[in-house]
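An overview of the molecular structure
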Amino acid sequence: MKDKNHLSKPSDPDTSGEIRVRFAPSPTGYLHLGGARTALYNWLFARHNRGIFILRIEDTDRERSESRFQQQIIEDLQWLGLTWDEGPFFQHARKNLYIQHIHTLIQNQKAYYCFCSPEELEKKKEEYALKHLPLHYDGQCRKIPPEDAIKRIKAGQTPSIRFRTPDNGKTELRDLIRKKILFDNREFDDFIIVRSDGEPTYNLTAVVDDALMGITHVIRGDDHLSNTPKQILLYQALGFRIPQFAHIPMIMGPDNTRLSKRHGADSVSQYRELGYLPSALINYLALLGWSYDDRQTLFPISELIKKFDLKKVNKKASIFAPQKLDWINGKYIRQLAEPEFISLSLPFLFKAGLLDKDTLKCPSPTTIRILLSMRERLKKFCDLPALTEFFFRDSIKLSEEAKQQIFSKKDNFSLLQELYEQLQKIPAFEEKTLEILFQDLIKKKGLKLGDVVHPVRAAITGKTSSPGIFLTMVLLSKDRVLKRLKTILQQFEVIHPD
Ligand code: GLU
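This section reports on the structure supplied with the text. (Residues numbered from 1 in each chain as written. Predicted model: local features only at pLDDT ≥ 70, side-chain atom pairs only at ≥ 80, totals over all residues. Heavy atoms only, no water.)

**So, helix H14 (residues 365–374)**
As a reminder of what qualifies: Only protein chains enter the accessibility calculation, which uses a 1.4 Å probe; a residue whose area is less than 20% of its type maximum is buried, one above 50% is exposed, and one in between is partly exposed. Note on conventions: DSSP H or I runs of at least 4 residues are helices, E runs of at least 2 residues are strands, and numbering of each starts at the N terminus. Working definition: the arc comes from the directions between the helix axis and the C-beta atoms, pointing outward to the latter. It only takes one pair of heavy atoms within 4.5 Å for two residues to be counted as in contact.
Those residues of H14 that fall on the buried side of the exposure criterion are Thr367, Ile370, Leu371, Ser373 and Met374. The arc that holds every buried residue of H14, seen down its axis, measures 160 degrees, which confines them to one face. Residues of H14 that are buried in the fold lie against helix H12 (338–351), helix H13 (357–361), helix H15 (384–392) and helix H20 (469–476).

Structure, rendered in structure tokens:
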């Protein structure tokens, strides 16, 4: 990543056939999954084609842009491994460039000053609405001679600047993902390219930057589809080469509405905090709108780079499926080397108050074995405290299912009683010896292994699932196992007094 400072100029537009793409987030919120997927598709497209991936921060909206969001977006992209080759470029530092191009548009009469006040515009809107007419600006200020406009500005008026949209004709968008779309230019009114406070607007800044940065492919969410014909008109008016466009369909929640906070975690940083691995999130996001052959699900990043192709991006919206993400994350968790798995796990236990600072720095062999015993079933690190707390806390709470497994059978009392007595006498509290003890017990009582394991597990963990019972017992220690069995036996006497 070339870490240029924010005032640096992008390199000259490249005409050598090099592919140049950009991710252009607005720092008005966190990087959400949709944004991360747009960044990923741009990045994969660049890496696949040995092109250039540019990061541009679209922070012209000074009121809504916040540096904490900007920082977080940059950190999240780095965490995901989506490194950029040029930038980050900041639009607020490039205002002079936009002004230059706005003047060119005014000089060529492709744009004009508009002195209509917000109140006048509001009134017109109401009149139009009453007459059921489209809410288009009526072009009133088109007629103002440029010299008059300058005089009014000198006299202190602060106009906005509007683009003079062609009165007729059509604008064609050949999208790389969807079919060709023809827009009737009469659909667009003379849209504002500079607000009356002097700030250039998104359509203008995006076009100037994309052109000056030599962007060859604009890959972005299809929520921008309505902006694209306006941008094409601006490219034409400024005499710029028009890039290729690829609009990626939206991501929907399971209820078929656009994915948002309502559906749970929606920002990359939240997923990071919940204990998802960047490799898993990347893999999942790649599949959320793209597929290779409808069969393969796990793609290491090198394979994604090799196989990613815009032609295989879905034309329909994708539905976010948290279970699939969890499944993929679990797969990647199991691929981690042991030390990495441990060091990623420990902070989650610490945060939940299950470990103290010293153990965090230097975990005991038992803590390590407890964590490793969970690896096979783990889907995300934030599940670890709930899965392991019975190992770390002195007392446990029985789940309803666990209570059911223990107390629904009266015979379990004598079974647990006998086990308790035998465990007291056991010479070594080891997996092998415990297994032999259990086998002898079921033979003697004519039971199946599950008949003993289920109530014992429920009694000593408070749950109906855990790692293998013998390993769980060893990791808990003889002392704790006996104490917990004793507590259960006492409860039995209360529940079944006869
Ligand atoms: N700043 C715009 C956004 O965050 C970028 C749109 C584009 O890629 O042109 O939606």
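So, next bit.
**Let's talk about the site of the ligand**
Note the cut-off: Throughout, the term near means that a residue has one or more heavy atoms lying within 4 Å of the molecule or strand in question. Two N or O atoms count as a polar contact when they lie within 3.5 Å, although within protein this holds only if one can serve as hydrogen donor and the other as acceptor, and sequence-adjacent residues are included solely when both atoms are side-chain atoms. Each accessible area is a Shrake-Rupley estimate made with a 1.4 Å probe; only the visible protein chains count as cover when residues are assessed.
The immediate surroundings of the ligand are formed by Arg22, Ala24, Pro25, Ser26, Glu58, Tyr202, Arg220 and His224. A distance of 2.6 Å separates a nitrogen atom of the ligand from a polar atom in the side chain of Glu58. At a separation of 2.8 Å, an oxygen atom of the ligand approaches a polar side-chain atom of Arg220. Protein coverage of the free-state accessible area of the ligand, which is 300 Å², stands at 80%.

**Describing the environment of Ile426**
Locating Ile426 in the fold gives a position in the loop between helix H17 (412–425) and helix H18 (431–445). Residue Ile426 is classed as buried on the basis of its relative accessible area, which comes to 8%. Discounting residues that sit within four places of it in the chain, Ile426 has contacts with Thr433, Leu434, Leu437 and Lys478.

**Thoughts on the packing of aromatic side chains**
For the record, the criterion: Only Phe, Tyr and Trp rings take part, Trp by its six-membered ring, and two of them pair if their centres are within 6.5 Å. Stacked means planes under 30 degrees apart, edge-to-face means over 60, and tilted covers everything else.
Applying the stated rule across the entire model yields 16 aromatic pairs. Where Tyr30 meets Phe69, the ring centres are 5.0 Å apart and the plane angle is 85 degrees; that geometry is what we call edge-to-face. Of this pair, Tyr30 sits in the loop between strand E1 (20–23) and helix H1 (33–48) while Phe69 sits in helix H2 (residues 67–80), and the two are 39 residues apart along the sequence. Taking the relative accessible area as the measure of exposure, Tyr30 reaches 39% and is therefore partly exposed. The exposure class of Phe69 is buried, given its relative accessible area of 7%. Judged by centre distance (5.1 Å) and plane angle (85 degrees), the ring pair of Phe438 and Phe470 falls under edge-to-face. Residue Phe438 is found in helix H18, and its partner Phe470 is found in helix H20; the two are separated by 32 residues along the sequence.

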